[in-house]
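Chain and residue survey
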Amino acid sequence: MQRAALAAICLASCVALRATVPDDYDSIGFVLGIGDVFDMARFQPHFPGYPVFVGAGRSLASLGLSPMVAATTLSAFGSAVTLFAVAGIAAEQAGMRAMVAYSLLHIVAWLPLCLGGAALSEAAGAACAAVSFAMLFGGKSRPIASGIAIAMMLGVRLSYWPIAFAWFGCWLVRERRECARASVAASVAAAAWAIPFVVAVGPKELVQLGRVHVVGHFAEWGGSIATRPSVIDRVSALLRGLSGSIAPSRVSVAVVIGSVALGWIVARKRQRSTDARAIGAIALILAPYAIWAFFAQNIIDQPRHLLPLVEALLLAFALILESSWPAIAIATAAIGVAALPHALVRHTTLPPAAQAAEWIRGEVAHDRPFSDTMIFGGRSLRFFSAAGLNVPMRERASLAEIGVDLGRVDHFPKRIIVTSEVGDGPRRTYTRRQIGQFCRDSSVDALPLCLQLFDIIW
């Protein structure tokens, strides 16, 4: 009952503090995939398509929920299910206080709270992974349920595949019959969503989309070590991402570390050693994903890729803190003080690009025909389109490219607006005048915290 009540609190907080509009480029893709046409070629969503997540979102949308609410509802339930499952593991390994400690930390920690209210698939994917391991380590093993959950995880978030690799390794060292049952269940469940998905998309198109996406991810825009090769930067980003994902404040992180140290000292004085085997198992299970995230994911700009590692770290903290109620209370309060204001800002303030879209809607679209205005920018233009801004727009990187475009138009626009994502051209044949700046004080945005709009006079 305590675990269910804590999961309900987690669900309520994620719903209450959820994002009201898509927060980033990928969020828009999920919302469009749920509410519009499922089309990976148009990044609705991007490859690998996340068919289980999008399918579940479409089911909720068919009940009358908006696509955005459907996506954030899945994330909120995902965060609550993660709490329920991992708290069960904590209780099995170290008792009731460890269960309470993990639950409280999960409820207030920044990244679980943020992604628990986002139109993204991370929270739902983490929930599937947590359930699969809860069926393995939560007392009585349930290989069939565990296999189904890990297969669903791959359909929700394929980039969590190293967790499935570790899951299989855990079953492999258990009794052979249980491993076989888990593997068969996982294979059947994976086929249940993968075969219809491949048929619906088309095998050739799926392979082509996959090839283009993989090449682009690792060679151009994905933020892997191939495009961001500095190991020092990546180590720094990993440490910064883990600490900031728990509490976006250095003071709060210091207090949490102090609380964990206090819990360790109390445990030693009472001769109650923390279960080192459990913490070692957590590290071993998450090692494949940690390696994958470090080398292949954009952990420098997108710390949301660290969610499985954050959950593991919270569980490890809980196993240490369970020796001291004061340490649990101090750590929870320190994290909450830092994270909750950020969550409130995310809920009440639109992302910079969404603010800019609203400004353009009022300033431009109502004053003159759409054909008299053109907008040039970067990734923020997807926010403008998602907001229903029916103004001619083109994604360009520099004013030199815009100059080429303007030389080819049949009707030269009376007003040219560019975003701060557009760089200067090689020749000063224009005047750039800032007409707006849109910001929000939050670490949730993948785009820069501020976006400027400029009028360009050619």
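Check the entry above for the structure.
Residues numbered from 1 in each chain as written. Predicted model: local features only at pLDDT ≥ 70, side-chain atom pairs only at ≥ 80, totals over all residues. Heavy atoms only, no water.

Quick word on a nonpolar patch on the surface
Under the convention used in this document: Candidate patch residues must exceed 30% relative accessible area and have no salt bridge, after which like charges are joined if within 9 Å and Val, Leu, Ile, Met, Phe, Trp or Tyr side chains if within 5 Å. Using a 1.4 Å probe, the Shrake-Rupley method yields the accessible areas, and only the shown protein chains count as cover for residues. Should a side-chain nitrogen of Lys or Arg be within 4 Å of a carboxyl oxygen of Asp or Glu, the pair is scored as a salt bridge. Going along the chain from the N terminus, every DSSP run of H or I of four or more residues is numbered as a helix, and every run of E of two or more is numbered as a strand.
Together, Val-251, Val-255, Leu-262 and Ile-330 give the surface a local cluster of nonpolar side chains, amounting to about 300 Å² of exposed area. Looking at the nonpolar patch, the element that brings in the most residues is helix H13 (residues 250-269), giving three residues. Mapped onto the secondary structure, Val-255 falls in helix H13.

Quick look at unusual backbone geometry
What counts, and what does not: Note on exposure labels: buried denotes an accessible area under 20% of the residue type's maximum, exposed denotes more than 50%, and partly exposed covers the range between, all computed with a 1.4 Å probe on protein chains only.
At the junction of Gln-44 and Pro-45, the peptide bond is cis and its omega measures out at -10° in the coordinates. Position of Pro-45 relative to the elements: it lies in the loop between helix H2 (25-35) and helix H3 (51-62). In this chain, Phe-47 is followed by Pro-48 through a cis amide linkage whose omega measures 15°. Relative to the helices and strands, Pro-48 resides in the loop between H2 and H3. One non-glycine residue, Phe-43, lies in the positive phi region at around 60°. With respect to the helices and strands, the residue Phe-43 is situated in the loop between H2 and H3. For Phe-43, a relative accessible area of 36% corresponds to the partly exposed category. The phi dihedral of Tyr-50 falls on the positive side, at around 50°, and the residue is not glycine. Within the element layout of this structure, Tyr-50 appears in the loop between H2 and H3. Given a relative accessible area of 5%, Tyr-50 falls into the buried group.

Re the state of the cysteines
Heads up, the condition is: Two cysteine sulfur atoms make up a disulfide if the distance between them is within 2.5 Å.
Scanning all chains against the criterion turns up one disulfide. Left unpaired, Cys-128 is separated from the closest cysteine sulfur, that of Cys-10, by 15 Å. Here Cys-128 falls in the buried class, since its relative accessible area comes to 16%. Looking at the unpaired Cys-179, the closest cysteine sulfur is the one in Cys-170, lying at 10 Å.

Focus on the packing of aromatic side chains
Between two aromatic rings, the relevant description is the distance of the centres plus the angle of the planes. Heads up, the condition is: Any two rings among Phe, Tyr and Trp, with Trp reduced to its six-membered ring, count as a pair given centres within 6.5 Å; such a pair is stacked if its planes are under 30 degrees apart, edge-to-face if over 60, and tilted if neither. Consider the ring centre and the ring normal. A charge sits over the ring if Lys NZ or Arg CZ is within 6 Å of that centre and within 35 degrees of that normal.
Enumeration over the complete set of coordinates arrives at 11 aromatic pairs. A centroid spacing of 6.3 Å and a plane angle of 70° characterise the contact between Phe-218 and Trp-292, whose relative ring orientation is edge-to-face. Here Phe-218 is found in helix H11 (residues 203-221), whereas its partner Trp-292 is found in helix H14 (residues 276-296), with 74 residues between them in sequence. A ring pair is formed by Phe-294 and Phe-295, whose centres lie 4.9 Å apart and whose planes are at 85°; its orientation type is edge-to-face. Given the relative accessible area of 41%, Phe-295 is considered partly exposed. The structure contains a cluster of three or more aromatic residues connected by ring pairs, namely Phe-30, Tyr-50 and Phe-53. Taking NZ or CZ as reference, Arg-3 lies 4.0 Å from the ring centre of Phe-84, over its face. It is Arg-379 that lies over the ring of Tyr-25; its NZ or CZ is 4.1 Å from the centre.

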